[in-house]
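Now for the letters of each chain:
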Amino acid sequence: MIMKVLLAMVVPVAGILIGLLYKGIDRILAARMQGRVGPPLVQPLRDVRKLLVKENIVPDDAVGWLFSSMPFVALVSVMAILLYLPLGITPVLEGYGDLILVLYLLIIPSLALVLGGFASSSPYASVGGQREMVKMMSYEFPLAIAVISVAWLLYSSGAENVFSLSVISGTHVWGLAGIPGLAGLAVIFLCMLFVIPGELGRIPFDVSEADSEIAGGIFAEYSGRNLALFYLADAVKAVAIASLAVALFLPYTVSGIFGLGGAAAPAADFLFHLLKVFFVLFVSSTVVRVVTGRLAISRVVSVYWKYPVILSFLGLLLIMGGTLI
Amino acid sequence: MISTGMGSWSPLVFLICVAFISVVVQIIRSLGEGGFRKEEDKAEAFFSGGRLLIKNRVMDVYWGFFDAMGRYYGWMKRMHNGIVNDYVYWFVLLVTVVIGVVILL
């Protein structure tokens, strides 16, 4: 119990540091792919420090309390998600919340962005807020189908509490599916990778901030510590969404392979989990943002509804067909 | 503890954790500058250097939602024409579809 309480204190804070570390790695890798040197690894930390010493401007016509509280809400909600996710180790709040709760919590940071944008009194931020909402409605559906598909597979294999993240991460879904199911899982994993840049608002789905079009959109009026909190929320959300993808599709550990025991086992599994998180983010976010340009908002909706939605349905059908055969 | 048979959630544990995380976030927040020096135009909403003549409807947080989904709402409004017979037709149609789906499954 004491260990759980300690982990509940450490994990959310560690999530911030890991998120910032990945932001640093992401910027270096993106720069190298573009033939640049890139900033130092600690640049995201310096960015946060810089934002904290800047003035915290609240526009005259903004709804002050809403404008200032939304960055706070965004960061608290994403840090809370980490407590329910298996980060190579058993979730800190195992048995106190499930995958459905994580899906709901993942929506809160985006809603906080939308409300913060509308409360800004800026036309740019309002346009950004609208775009964020439309984007949410685009990527939530394939994400939900991905989750349902994995739960269906577990349910048909006779597992109980199929939305429990410790059950999901303790079961290797790829071993449960037949050949059609394997194809279905591969398709759904691909859709999940497609959802991640949308969830994180990265290129080509960064329409809600789009510096060159709407001057930063939602963030147009944010500065100082409020912007720093949004920046940190974005860093932690990257860790959370990638950890969810890893828990669903790549829940493998290394402690058993190397015969580790005691404290070394969870430490090794946690480090391996981080490696998988960084890999998922590299494939789904870093590479994609380097090789593509921003899509128009209308294209974002059609791209999500045409491809990942149809593909994820196809994947679900293959998985269901595989369990019936 | 709220349990559905497929999953569970403990609101109390959730609230305790959120309270702790809120303290951590408040500490981070308090490390930053709290306000700003009032100067001319500094707190004006940015509008590409121009003055914003029409104030945005900031309190109407649903404005963007209705605006972005305008075509959908237009379609829904046209369907809700106030004629009871039409509503009954829709009801009969939907019940038929639901019964059809139930029979097929």
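An account of the accompanying structure is given in this report.

Calculation notes
- Residues numbered from 1 in each chain as written.
- Chains lettered and ligands numbered in written order.
- Predicted model: local features only at pLDDT ≥ 70, side-chain atom pairs only at ≥ 80, totals over all residues.
- Heavy atoms only, no water.
- Axes fitted to C-alpha atoms, helices over the stretch in contact; angles between N-to-C directions.
- Helix = DSSP H or I, 4+ residues; strand = E, 2+ residues; numbered from the N terminus.
- Parallel < 35°, antiparallel > 145°, perpendicular 65-115°, else oblique.
- Contact = heavy atoms within 4.5 Å.
- Nonpolar A, V, L, I, M, F, W, Y, C, P; charged D, E, K, R; others polar.
- Core = buried A, V, L, I, M, F, W, Y, C linked by side-chain atoms within 4.5 Å.
- Buried < 20%, exposed > 50% of the residue type's maximum accessible area, 1.4 Å probe, protein only.
- Expected span 1.5 Å × (residues − 1).
- Salt bridge = Lys/Arg side-chain N within 4 Å of Asp/Glu carboxyl O.
- 1 Å grid on protein atoms, 1.4 Å probe; cavity = no way out; pocket = protein on both sides within 12 Å on 5 of 7 lines; lining within 4 Å.
- Points joined across faces, edges and corners; volume = space filled by probe spheres on them.
- Polar contact = N/O pair within 3.5 Å; in protein donor to acceptor, adjacent residues only side chain to side chain.
- Phe/Tyr/Trp six-rings, centres within 6.5 Å; stacked < 30°, edge-to-face > 60°.

1. Side note on the packing of helix α12 (residues 297-306) of chain A against helix α13 (residues 308-324) of chain A
Residues and elements named next belong to chain A.
Turning to step 1, where the next piece is worked out: The contact between α12 and α13 brings their axes to 3 Å, and the two run at 15°. In this view, α12 runs roughly parallel relative to α13, as classed from their interaxial angle. Within the contact between the two elements, α12 uses V303, Y304, W305 and K306 and α13 uses P308, V309 and I310.
Turning to step 2, where the next piece is worked out: Looking at the contact of α12 with α13 residue by residue, the class counts come to 6 nonpolar, no polar and 1 charged.

2. Thoughts on the nonpolar core
Residue and element names in this part refer to chain A.
Turning to step 1, where the next piece is worked out: Counting 102 residues, the largest nonpolar core has L75, L85, M192, L244, L248 and F249 as the members making the most contacts within it.
Turning to step 2, where the next piece is worked out: No other element matches the 19 residues that helix α10 (residues 224-249) contributes to this core.
Turning to step 3, where the next piece is worked out: Those residues in contact with F249 that lie beyond four places of it in its chain are V150, W174, L185, I188, F189 and M192.

3. Here's the deal with helix α1 (residues 11-30) of chain B
Turning to step 1, where the next piece is worked out: With 20 residues, α1 of chain B extends 28 Å between its outermost C-alpha atoms, agreeing within 8% with the 28 Å of an ideal straight helix rising 1.5 Å per residue.
Turning to step 2, where the next piece is worked out: Structurally, α1 of chain B contributes buried residues whose contacts are with α1 (2-33), α2 (43-53), α3 (64-84), α4 (99-118) and α10 of chain A together with β2 (8-9) of chain B.

4. Description of the pattern of salt bridges
It is possible for side chains bearing opposite charge to pair when their charged atoms get close.
Residues and elements named next belong to chain A.
Turning to step 1, where the next piece is worked out: Under the criterion given, the structure shown has 6 salt bridges over all chains.
Turning to step 2, where the next piece is worked out: Linking K135 and E132 is a salt bridge whose minimum nitrogen-to-oxygen distance equals 3.3 Å. Within this pair, K135 and its partner E132 are both found in helix α5 (residues 123-156), separated by 3 residues, close to a single helical turn. As far as the burial class goes, K135 and E132 line up, both buried.
Turning to step 3, where the next piece is worked out: Residue D234 pairs with R202 through a salt bridge whose shortest N-O separation is 2.8 Å. With D234 in helix α10 and R202 in the loop between α8 (179-200) and α9 (211-214), the pair connects residues that are 32 residues apart, well separated along the chain.
Turning to step 4, where the next piece is worked out: For D234, a relative accessible area of 21% translates into the label partly exposed.
Turning to step 5, where the next piece is worked out: What makes R202 buried here is its relative accessible area of 13%.

5. Concerning the packing of α8 of chain A against α10 of chain A
Residues and elements named next belong to chain A.
Turning to step 1, where the next piece is worked out: With their axes 10 Å apart at the nearest point, α8 and α10 run at an angle of 175° to one another. By the angle class used here, α8 and α10 are roughly antiparallel. Within the contact between the two elements, α8 uses L185, I188, F189, M192, I196, E199 and L200 and α10 uses D234, K237, A238, I241, L244, A245, L248 and F249.

6. Digging into the layout of surface pockets
All names here are of chain A.
Turning to step 1, where the next piece is worked out: Space inside the largest pocket adds up to approximately 850 Å³.
Turning to step 2, where the next piece is worked out: In terms of lining residues, the largest pocket is bounded by 30 residues, among which K23, G201, R202, E209 and D234 are the most central.
Turning to step 3, where the next piece is worked out: Those elements that place two or more of their residues in the lining of the largest pocket are α1, α4, α5, α8 and α10.
Turning to step 4, where the next piece is worked out: Broken down by element, the lining of the largest pocket gets its largest block of residues, 6 residues, from α10.
Turning to step 5, where the next piece is worked out: Grouping the amino acids of the lining of the largest pocket by side-chain chemistry returns 12 nonpolar, 4 polar and 14 charged.

7. Description of the environment of A242 of chain A
All names here are of chain A.
Turning to step 1, where the next piece is worked out: Along the chain, A242 falls in helix α10.
Turning to step 2, where the next piece is worked out: Classification of A242 by relative accessible area gives buried; the value is 0%.
Turning to step 3, where the next piece is worked out: Taking C-alpha positions, A242 is 24 Å from G129, a pair spaced 113 residues apart along the chain.
Turning to step 4, where the next piece is worked out: Not counting residues within four places of it along the chain, the set of residues in contact with A242 comprises V277, V280 and L281.

8. Quick look at the side chain of D98 of chain A
Turning to step 1, where the next piece is worked out: Inspection of the secondary structure assignment puts D98 of chain A in the loop between α3 and α4.
Turning to step 2, where the next piece is worked out: Of the polar contacts made by the side chain of D98 of chain A, one reaches the backbone nitrogen of I100 of chain A; its length is 3.2 Å.
Turning to step 3, where the next piece is worked out: Setting aside anything within four residues of it in sequence, one finds D98 of chain A in contact with F163, S164 and L165 of chain A together with G7 and S8 of chain B.

9. Digging into the packing of aromatic side chains
Turning to step 1, where the next piece is worked out: Within the structure shown, the criterion is met by 14 aromatic pairs over all chains.
Turning to step 2, where the next piece is worked out: Arranged with centres 6.5 Å apart and planes meeting at 35°, the rings of Y84 of chain A and F14 of chain B form a pair that is tilted. Here the residue Y84 of chain A occupies a position in helix α3, and F14 of chain B occupies one in helix α1, the pair thus bridging two chains. The residues Y84 of chain A and F14 of chain B share a single accessibility class, namely buried.
Turning to step 3, where the next piece is worked out: Taken together, a centroid distance of 5.1 Å and an interplanar angle of 40° make the contact between F189 of chain A and F249 of chain A tilted. Residue F189 of chain A is found in helix α8, and its partner F249 of chain A is found in helix α10; the two are separated by 60 residues along the sequence.

Take it as geometry only, folks, not as evidence of what the structure does.
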